Amino acid sequence: MTKAHLFGMNLAELQAVAAQAGLPKFAAKQMADWLYKKNISDIAQMTNVSVKGREAIAALSDVGRMEPTLTLLSADGTRKMLFDYGGKAVETAYIPDGREERNTLCVSSQVGCKMACRFCMTGRQGFTANLTAGEILNQMASTEGFEDLTNMVFMGMGEPLDNIDEVLKALEILTSPWGYAWSPRRITVSSIGIPDKLRRLLDESEVHVAISLHTPFADKRADLMPAQKGFPIADTLSLLSQYDWTGQRRLTFEYTLFQGVNDSAADVSALVKLLAPLKWCRVNLIAFNAIPDSELKGCPRKRMEWFRDALNEKGLTATIRLSKGQDIDAACGMLSTKRNSVQ
């Protein structure tokens, strides 16, 4: 019999395990405490549960934690980890920023991705599977020094909203008092924008949201991001405009700059016009990490700074994301593609 994994279960699911094991309802909170606060790897470590109770739980389930199969360390302190989920490699990146005393973990939500963005190696892999909430959170719990993390971003492999149920469960565990008890303001979920599922994320969580935009022109976006044809950015913007962004919840648009593609004065003007109804948003400019066999090229730093300054002068807040981990296959999907191609 295949055992259920406790790690990644929410409180209701742990209560069901407790009932099946013949334990009182409060045993679920005891299990949650061991799993998410004490970071155990074995049911035998749940010492405030009776021996008989632990045996009953172990007969039904295991903890289900996994360590990374490979960890690469960059000269700038960035760590990239590979996890083996069902024979396929999944990437996680730990990104320290000593200047701001931030330690960010970039987690994956899928093995591969359906969205096929031209600038993304994960998109070239195609879609294999959704990760469970446990597999998503395992990336954090198995990161060395994870107690020092200040932020988590769902910006790794996959489209988080294409796996909305498991992502929402992971967010529930991350932010609940019985779980990791993180503030939702420490978490950002990135998406290409799938309106019906984005509405669920907005209504069922309080995390920050980042939308992959990359160009203000719909036809050009469809070329860079085929998902634009099924999920037009206009529909996403219409939905976002229905929510209040004047408080602590942050809305960001991700914009990777490609030389000669989306870095002109016309792009600046169109971007300002497109996002005018969402005046509280910000634009995060991203340097393109080159991928094999792509005609796309990144912009020089001076061009990125010009683009940022041009947006800021027109009243649209823009920043440049610091690019890190260049020496360890920094582009999302690069490392896992290499690993999966030799399996």
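Everything quoted here is computed from the prediction, not taken from an experiment. (Residues numbered from 1 in each chain as written. Predicted model: local features only at pLDDT ≥ 70, side-chain atom pairs only at ≥ 80, totals over all residues. Heavy atoms only, no water.)

Novice: Where do I start with the overall build of the chain in this structure?
Specialist: Looking only at helices and strands, the chain features 12 helices and 14 strands. Taken over the C-alpha trace, the chain has a radius of gyration of 21 Å; the compact-globule value for 343 residues is 20 Å, and the two agree within 12%. With 343 residues in all, the chain has 52% of them scored as buried. Here the chain has roughly 15200 Å² of accessible surface; of this, 51% comes from carbon and sulfur atoms. (Helix = DSSP H or I, 4+ residues; strand = E, 2+ residues; numbered from the N terminus. Rg over C-alpha atoms; globule rule 2.2 N^0.38 Å. Buried < 20%, exposed > 50% of the residue type's maximum accessible area, 1.4 Å probe, protein only. Areas by Shrake-Rupley, 256 points an atom, 1.4 Å probe, with all protein chains shown as cover.)

Novice: Whenever I open this one, the pairing of strand S13 (residues 282-287) confuses me. Can you help?
Specialist: For a regular strand, side chains alternate in direction, first toward one face of the sheet and then toward the other. Here 6 bridges tie strand S12 (residues 251-257) to S13, and the two strands are oriented parallel to one another. If you follow Glu254 over to S13, its bridge partner there is Asn284. Viewed along the sheet, the connection from S12 through helix H10 (residues 265-275) into S13 turns out right-handed. One ladder, built from 4 bridges, connects S13 with strand S14 (residues 317-320); its direction is parallel. Along S14, the bridge assignment pairs Val283 with Ala318. Once the chain exits S13 it traverses helix H11 (residues 301-313) before rejoining the sheet at S14, and the crossover so formed is right-handed. (Pairing = 2+ DSSP bridges. Right-handed = clockwise from strand over helix to strand, strands pointing away.)

Novice: I tried to follow unusual backbone geometry on my own but got confused; where do I start?
Specialist: Most peptide bonds are trans, and most residues other than glycine sit at a negative phi. Phi angles above zero are rare outside glycine, and Ala116 is one such case at about 55°. If you trace the backbone, Ala116 turns up in the loop between strand S7 (110-112) and helix H4 (121-125). Residue classification places Ala116 among the partly exposed residues on the basis of a relative accessible area of 35%. In this structure, His214 is a non-glycine residue whose phi angle is positive, near 75°. Looking at the secondary structure, you find His214 in the loop between strand S11 (208-212) and helix H8 (218-224).

Worth remembering: the numbers are spatial, not functional.
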